[in-house]
Amino acid sequence: MQKRLPVEHFHFPVEKIKSGYYSDAYFLRTEEILNGDNHHPRVMMQVFTRENVVVCGIDETIALIKTCAHNPENITIHALHDGDEVKPWETLMTIEGDLADFAHLETVYLGILARQSRIATNVRRTVEAANGKPVLFFPARYDTWQTQECDGYAAKIGGIKGFSTDANALASGGKGLGTIPHALIASYNGNTVAATEAFDKYVDPKIARIALVDFDNDCVNTALAVARKLGRNLAGVRLDTSGTMVDKSLLGQLGMFNPTGVCKELVWNVRRALDAEGFDYVKIIVSGGFNPARIREFEAAGVPVDTYAVGSSLFDGNINFTADIVMVDGKECAKQGRRHLPNPRLELVD
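Predicted model only: the values in this text are computed from it and were never measured.

Considerations on the pattern of salt bridges
Part 1: Going through the model one piece at a time under the given rule, you end up with 16 salt bridges.
Part 2: Between lysine 264 and glutamate 297 there is a salt bridge; the shortest N-O distance is 2.7 Å. Here lysine 264 is found in helix α11 (residues 264–276), whereas its partner glutamate 297 is found in helix α12 (residues 292–300), with 33 residues between them in sequence.
Part 3: Through salt bridges with shared partners, one network takes in Glu85, Arg124, Arg125 and Glu128.

Below is the structure:
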């Protein structure tokens, strides 16, 4: 049986959640009415989505219920596992008990599932597009720092192993990756070779030397200059040309393709130039606007990319989950358009 993350793995502001601080107000009023009227039927809440989704956040939802519900010992949960794929309308979790004990949690657990599943799904599709090549998770700057740990867990579930921050990498037991930003090169007066030399001198030798080579919008010549200087110490070069720029190496090739940003032709130019001078061991990492469609295009064309660093697209889209009561005291009872949809894949949660 697949293991779940233990309840103690998660840390919730229990009193705030129990008080309804993070809950839609009508759920709090629901509990107030049920308790005031001493009306306590046993209900089954059924959770689903309307899309094809890689589910994530289930373990955290289970921990939330066990930690922040009233009388959690009286609640029964059946659920899939983080990383499972579901189809539209497929039940991924049921929660059975007195609604007055857990109505205040619906807002919170639907939000957990929505965010983590969105990231896990985007990551899974991106990793699949890369055909086994490494994909790095680099979107930390596109949202608040407070979500980095759970985002990294969702990315791990989706299939990524490399992260830009220690917080993102926590669930994988790793450390943040990444080497040279444009800011370091600017600090050395725009001299990429000097910045890379300084990196090589002062940073732990276990960290791969990967030079960022687009600062002067001349990736071919900058890559060659760094490779000549560092030799075998250089593990790779990263191309990050802005989508509004055309690299200098492409100016003589214009006319038959879109030359902006990190295009296929730019990668080929850098690869051929490095290989021509014996630097065939230097890997090429690309970043800047990559998503599954663009990666598939690169892979179909055989573009010599070794690693894709992906950022904002891993936060794209909006995946929603819905929770509905479908059974009351063991009998079918649901709003029009909903019905009990048993799923034999669900497992009883201890």
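Once the structure has been displayed, the description carries forward.
Structural notes on the nonpolar core
Part 1: Judged by nonpolar contacts, the single largest core of 52 residues is most densely connected at Leu239 and Val270.
Part 2: Tallying contributions element by element places helix α10 (residues 219–230) first for this core, with seven residues.
Part 3: If you look at the next biggest cluster of nonpolar residues, it comprises 40 residues, including Phe12, Val53, Leu110 and Ala323.

Here's the deal with the sheet that holds strand β7 (residues 162–163)
Hydrogen bonds between backbone atoms are what pair the strands of a sheet, whose relative direction is either parallel or antiparallel.
Part 1: In space, the six strands of this open sheet follow the order β7-β6-β11-β10-β9-β8, with parallel pairing throughout. Of all the strands in the sheet, the pair left with one neighbour each is β7 and β8 (209–212).

Examining the packing of helix α5 (residues 106–129) against α12
Part 1: Close contact between α5 and α12 brings their axes to 8 Å; oriented N to C, the two are set at 10 degrees. In terms of their interaxial angle, α5 and α12 are classed as roughly parallel. Residues Arg125, Thr126 and Ala129 of α5 touch α12, and the partners they reach there are Pro292, Ile295, Arg296 and Glu299.
Part 2: Each residue belonging to the contact of α5 with α12 can be placed in one class, and the counts come to three nonpolar, one polar and three charged.

Let's talk about the packing of aromatic side chains
Centre distance and the angle of the planes are the two values used to describe a pair of aromatic rings.
Part 1: Scanning the model with the defined rule gives nine aromatic pairs in all.
Part 2: Between phenylalanine 279 and tyrosine 281 the ring centres are 6.2 Å apart and the planes differ by 80 degrees, which places this aromatic pair in the edge-to-face class. Take phenylalanine 279 and tyrosine 281: they sit in the same class, and that class is buried.
Part 3: With centroids separated by 5.2 Å and ring planes inclined at 85 degrees, the aromatic side chains of phenylalanine 290 and phenylalanine 298 adopt a geometry described as edge-to-face. Note on accessibility: phenylalanine 290 and phenylalanine 298 belong to one class, buried.
Part 4: One aromatic cluster in this structure is built from Phe137, Phe163 and Phe315.
Part 5: When the ring centre of phenylalanine 315 is taken as reference, the NZ or CZ atom of arginine 115 above it lies at 5.4 Å.
Part 6: Lying over the aromatic face of phenylalanine 290, arginine 294 brings its terminal NZ or CZ to 3.8 Å of the ring centre.

About the criteria used
Residues numbered from 1 in each chain as written. Predicted model: local features only at pLDDT ≥ 70, side-chain atom pairs only at ≥ 80, totals over all residues. Heavy atoms only, no water. Salt bridge = Lys/Arg side-chain N within 4 Å of Asp/Glu carboxyl O. Helix = DSSP H or I, 4+ residues; strand = E, 2+ residues; numbered from the N terminus. Core = buried A, V, L, I, M, F, W, Y, C linked by side-chain atoms within 4.5 Å. Buried < 20%, exposed > 50% of the residue type's maximum accessible area, 1.4 Å probe, protein only. Pairing = 2+ DSSP bridges. Axes fitted to C-alpha atoms, helices over the stretch in contact; angles between N-to-C directions. Parallel < 35°, antiparallel > 145°, perpendicular 65-115°, else oblique. Contact = heavy atoms within 4.5 Å. Nonpolar A, V, L, I, M, F, W, Y, C, P; charged D, E, K, R; others polar. Phe/Tyr/Trp six-rings, centres within 6.5 Å; stacked < 30°, edge-to-face > 60°. Lys NZ or Arg CZ within 6 Å of the ring centre and 35° of its normal.

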